[in-house]
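Close look at the chain arrangement
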Amino acid sequence: MSSSILNIGVQALNANQTALSYTGQNIANVNTEGYTRQTVTFSTQQPPILGVEVTDINRITDQFLVRQVWSDTSALSSNQAFSEKIALLDKMLVSESSSLSSSMDSYFESLQQVVDDPLFIANRELFLAEAQSLTNAFTDFDANLREQGELINTELRSMTNTVNSITQNIAELNVQIGTLVAAGQNSNALQDKRDMLVKELSGYVSINVIEEKGSNYNVMMGQGQPLVIGSSAAQLQLRNSESDPSQLDIFMVNGNISANVTGQLGQGAIGGLQQYQTEVLNPTINEVGRLAIVFTETMNEQHRKGMDLNGDFGENLFSPIETGQVTANSTNKTSASSAYVNFYDVTELTASDYEVKFDGIDSFIVTRLSDGRKFDMSEFTDLASLPADQQTLSQDKVFEWVDNRLKISMDGMTVHLDASSSYSVGDSFLVQPTRTGAQLMDTEITNPKLLALASPLRVEPSSTNSGNAEITAIEITSAKDTSALRSGSATLPLEIVFNAPAEGSDVPTFTVYDMSDPDNPVVFDDMENLVYTEGEPIVLEDYQITLDNQPNAGDRFTIERNTDGYSDNTNALAMSDFQNKPLVNGFSYQDTYGQLLAQVGTQASTSEIAYASSKAVLTSSENALQSVAGVNLDEEAANLVKFQQAYSASAQLISTFQTIFDSLISAVRR
């Protein structure tokens, strides 16, 4: 009996000492991040007379809340990465120092000054300075966007290295925890550490954890890719994209097996950066590039229609941007000797990238990547099937395929592919018509005298005209070097003579005469007795004139070269009018920029709200978990008193045994 009392006392003393130790451990780690409070589980030894023993040291946690925290951490990190990057872009778009809208305003303001006084050289010099400033604004804006892209790539490299380090540590902890569990030893501290690593990992990618055999964590990433299995951890690697070498793809490598998991990482900081790069940054580069191309080419075309101070036709005001880039997929079986894209109508360009893929030996499919719209070869017209006078690539949805040379026209561009042999099924090409537009923008003219601000033609009404018809527009319709005006082959001067209406009609007619020999006028190009319609252009050789109001019979208008007409501002006015014309796929220059600004601003605002919301959700989840797994000092203080009293009572039990034992010894000695 007395021996049992001693054993019971010793067991109780040891058990309560252990309980006191873990209570102290809880109190000591009250401020330790990731620490999970621990409790001691007692049980009666069998048979009951043998006392008490500590059967387990439990981590008090809730796996549902733990996993919720991991999920919410992924969402927060994704929204944070996206929000921080788009906020920088939004600030750049609206900043007075970098805004393209401000630069275009200054350009057109200086152009208006030239309109007011086209002969004043200082005005011309100011306009050229603003033109150069505008091109600098475009190139600087593009450089800033590309720099942000490079910084994102640098961040992605750092993050993937961190992920690889974390997964390796988780795999090692799996081994250590498994060893301790097998030996029946306490692994709670290592489990806390592993949970913290998993939470850190969830900040980079979405994860799902499958617990195996009470010790191993198998970590699945994104859409179920195995990142950690027991003691084995896969590695993430960044490689240049097969379709676009300027972009990075993420591969998961496990032994000799590698798989492209780009876009399959779910949420987390890596996913947030990739989402921003794909959905915002690259489209913005494309949009700014499109604006640069349209601005450059439309301004050049109109400037070439004018006359400079030397009496010559205008040349390009800006350096022409005539081609975009086409990149062959690195996995193509057929090599391309030439691949590029040029433009037949810049006003119809979109800001999208495209993919041309050969889905058969003699067939292709074009995908517009911005909206995912696919155009099958059957939706295009083969030029060979059209009449000879319609066989031009300068029209929508046509193609020309001769041997291994393929040309496809759509959306204002023509893609040119020239291969060394027949294309193989699966070969693809990434078409980026506007990606480099802003990079290439520059001014061409530096001499103010070469600004072609006047019209090369003038129309003079006869002093004897009695009607009220008047010239409202002289429009040059072609700026090509082969045009009749620029090549010098146009017939000038011409005279438009209005005839009396035909008998029984009140509609006037007119005849156009070649006045090269004033003494012997000749009807020009069979333009005789044509019906006059007010406001309808009279089309001539690569130019047209428009009259309003009604002429009388005998009224005359002479069309001739604008010799010495340097003070004329007709072409400058036409260029100035471009500020409000719908030239960018139905919108003006600044409306297009405004749409970009509004779109990015809306996304920035939405992402900021999502970031704040996900931050609040994570805080709530962490608080809920902390209420279960965190240390409550009041509770621990109560436990400390309870276990201390039990410890004292256990010591008293041993003391009682000592008293009984001493009494027995004394009785025996008597």
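Predicted model only: the values in this text are computed from it and were never measured. (Residues numbered from 1 in each chain as written. Predicted model: local features only at pLDDT ≥ 70, side-chain atom pairs only at ≥ 80, totals over all residues. Heavy atoms only, no water.)

Some details on a nonpolar patch on the surface
Where nonpolar side chains cluster on the molecular surface, the patch consists of Ile27, Leu633 and Leu640 and spans about 220 Å² of accessible area. Its place among the elements puts leucine 640 in helix H10 (residues 633-669). (Patch = residues over 30% accessible without salt bridge, like charges linked within 9 Å, V, L, I, M, F, W, Y side chains within 5 Å. Areas by Shrake-Rupley, 256 points an atom, 1.4 Å probe, with all protein chains shown as cover. Salt bridge = Lys/Arg side-chain N within 4 Å of Asp/Glu carboxyl O. Helix = DSSP H or I, 4+ residues; strand = E, 2+ residues; numbered from the N terminus.)

Quick notes on the sheet that holds strand E19 (residues 428-432)
Strand pairs in the sheet, formed through backbone hydrogen bonds, run parallel or antiparallel to each other. An order of E14-E13-E12-E19-E10-E11-E18-E17-E16-E15 is seen for the 10 strands of this open sheet, with the pairing classed as mixed. The open sheet has two free edges, formed respectively by strand E14 (373-376) and strand E15 (381-382), since each of these has just one partner strand. Bridge count for strand E16 (residues 398-402) against strand E17 (residues 405-410) is 5 bridges, and the pairing is antiparallel. Pairing of glutamate 400 across the sheet is with lysine 407, part of E17. (Pairing = 2+ DSSP bridges.)

Here we look at the side chain of arginine 124
Topologically, arginine 124 is positioned in helix H4 (residues 121-182). The side chain of arginine 124 is buried and forms no salt bridge, while aspartate 308, the nearest opposite charge, is found at 7.5 Å. Residue contacts for arginine 124: discarding those within four places in its chain leaves Val114, Pro118, Leu309, Pro448, Lys449, Leu451 and Leu453. (Buried < 20%, exposed > 50% of the residue type's maximum accessible area, 1.4 Å probe, protein only. Lys, Arg positive; Asp, Glu negative; His and termini not counted. Contact = heavy atoms within 4.5 Å.)

Structural notes on the nonpolar core
In terms of nonpolar packing, the biggest core is built from 112 residues, with Tyr107, Phe295 and Tyr589 touching the most fellow members. Within the second largest apolar cluster, 24 residues are counted, among which are Ala469, Phe498, Tyr532 and Phe557. (Core = buried A, V, L, I, M, F, W, Y, C linked by side-chain atoms within 4.5 Å.)

A closer look at the sheet that holds strand E8 (residues 248-254)
Spatially, the 3 strands line up as an open sheet ordered E7-E8-E9, and their pairing is antiparallel. The sheet terminates laterally at strand E7 (235-240) and strand E9 (257-260), the two strands that pair on one side only. On average, adjacent strands in this sheet sit at an angle of 35° to one another, irrespective of strand direction. Where E8 and E9 come together, 4 bridges link them in antiparallel fashion. Note on E9: the bridge partner recorded for valine 253 is serine 258. (Axes fitted to C-alpha atoms, helices over the stretch in contact; angles between N-to-C directions.)

As for the pairing of strand E5 (residues 225-229)
It is a general feature of regular strands that their side chains alternate between the two faces of the sheet. As judged from the 3 bridges shared by strand E4 (residues 216-221) and E5, these two strands associate in the antiparallel manner. Bridge assignment links methionine 220 to a residue of E5, and that residue is proline 226. The turn joining E4 and E5, which pair antiparallel and follow one another in sequence, is formed by 3 residues; a positive phi near 55° is taken by glycine 222. The pairing of E5 with strand E6 (residues 232-233) spans 2 bridges and is antiparallel.

Some remarks on H10
With 37 residues, H10 should reach 54 Å at 1.5 Å per residue; the first-to-last C-alpha distance of 54 Å fits that figure. Within the sequence span of H10, burial applies to Glu636, Asn639, Phe643, Ser650 and Phe657. For H10, the N-terminal cap is asparagine 632; the gap from its side-chain oxygen to the backbone nitrogen of aspartate 634 is 3.0 Å. (Expected span 1.5 Å × (residues − 1). Polar contact = N/O pair within 3.5 Å; in protein donor to acceptor, adjacent residues only side chain to side chain.)

So, the packing of helix H3 (residues 100-116) against helix H8 (residues 570-577)
For any two helices packed against each other, one specifies the inter-axial angle together with the distance between the axes. At a closest axis distance of 9 Å, the pairing of H3 and H8 adopts a crossing angle of 160°. When the interaxial angle is binned, H3 and H8 end up roughly antiparallel. Along this stretch, H3 crosses H8, giving a crossing that reads as left-handed. Touching Tyr107, Phe108, Leu111, Gln112 and Val115 of H3 are Ala572, Leu573, Met575 and Ser576, all from H8. Within the contact of H3 with H8, the residues separate by chemical class into 7 nonpolar, 2 polar and no charged. (Parallel < 35°, antiparallel > 145°, perpendicular 65-115°, else oblique. Left-handed = near helix turned anticlockwise from the far one by under 90°. Nonpolar A, V, L, I, M, F, W, Y, C, P; charged D, E, K, R; others polar.)

Some remarks on H3
Taking 1.5 Å as the rise per residue, H3 with 17 residues should run 24 Å; its terminal C-alpha atoms sit 25 Å apart, in good agreement. Within the sequence span of H3, burial applies to Leu100, Ser102, Ser103, Met104, Tyr107, Phe108, Ser110, Leu111, Val114 and Val115. Residues of H3 that are buried in the fold lie against H4, helix H6 (269-303), H8 and helix H9 (589-629). Between the side-chain oxygen at the start of H3 and the backbone nitrogen of serine 101 there is a gap of 3.2 Å, and the oxygen is on serine 99.

Describing the packing of helix H2 (residues 63-94) against helix H5 (residues 188-202)
The contact between H2 and H5 brings their axes to 8 Å, and the two run at 30°. Here H2 is positioned roughly parallel relative to H5, judged by the angle of their axes. Seen from H2, the contacting residues are Val69, Trp70, Thr73 and Ser74; seen from H5, they are Asp195, Val198, Lys199 and Ser202. Taken together, the residues that form the contact of H2 with H5 break down as 3 nonpolar, 3 polar and 2 charged.

As for unusual backbone geometry
Cis geometry marks the peptide bond from leucine 492 to proline 493, where omega comes out at -5°. Position of proline 493 relative to the elements: it lies in the loop between helix H7 (484-487) and strand E22 (494-499). Its identity is not glycine, yet lysine 397 carries a phi of approximately 60°, on the positive side. The partly exposed category is assigned to lysine 397, whose relative accessible area is 21%. Within the chain, asparagine 585 stands out as a residue other than glycine whose phi angle is a positive 50°. Mapped onto the fold, asparagine 585 is located in the loop between H8 and H9.

A closer look at the packing of aromatic side chains
Per the counting criterion, the structure on display carries 22 aromatic pairs. With a centroid separation of 6.0 Å and an interplanar angle of 85°, the aromatic rings of phenylalanine 82 and tyrosine 276 are classed as edge-to-face. One end of the pair, phenylalanine 82, is in helix H2; the other, tyrosine 276, is in helix H6, and 194 residues separate them in sequence. Take phenylalanine 82 and tyrosine 276: they sit in the same class, and that class is buried. Ring centres 6.1 Å apart and planes at 50° place the aromatic pair phenylalanine 364 and tryptophan 401 in the tilted group. One end of the pair, phenylalanine 364, is in strand E13 (residues 363-368); the other, tryptophan 401, is in strand E16, with 37 residues separating them in the sequence. Among the aromatic side chains, those forming a connected cluster through ring pairs are Phe358, Phe364, Phe380, Phe399, Trp401, Tyr423 and Phe429. Here the guanidinium or amino end of arginine 194 rests over the ring plane of tyrosine 217, the centre of that ring lying 3.7 Å away. Lying over the aromatic face of phenylalanine 251, arginine 239 brings its terminal NZ or CZ to 4.3 Å of the ring centre. (Phe/Tyr/Trp six-rings, centres within 6.5 Å; stacked < 30°, edge-to-face > 60°. Lys NZ or Arg CZ within 6 Å of the ring centre and 35° of its normal.)

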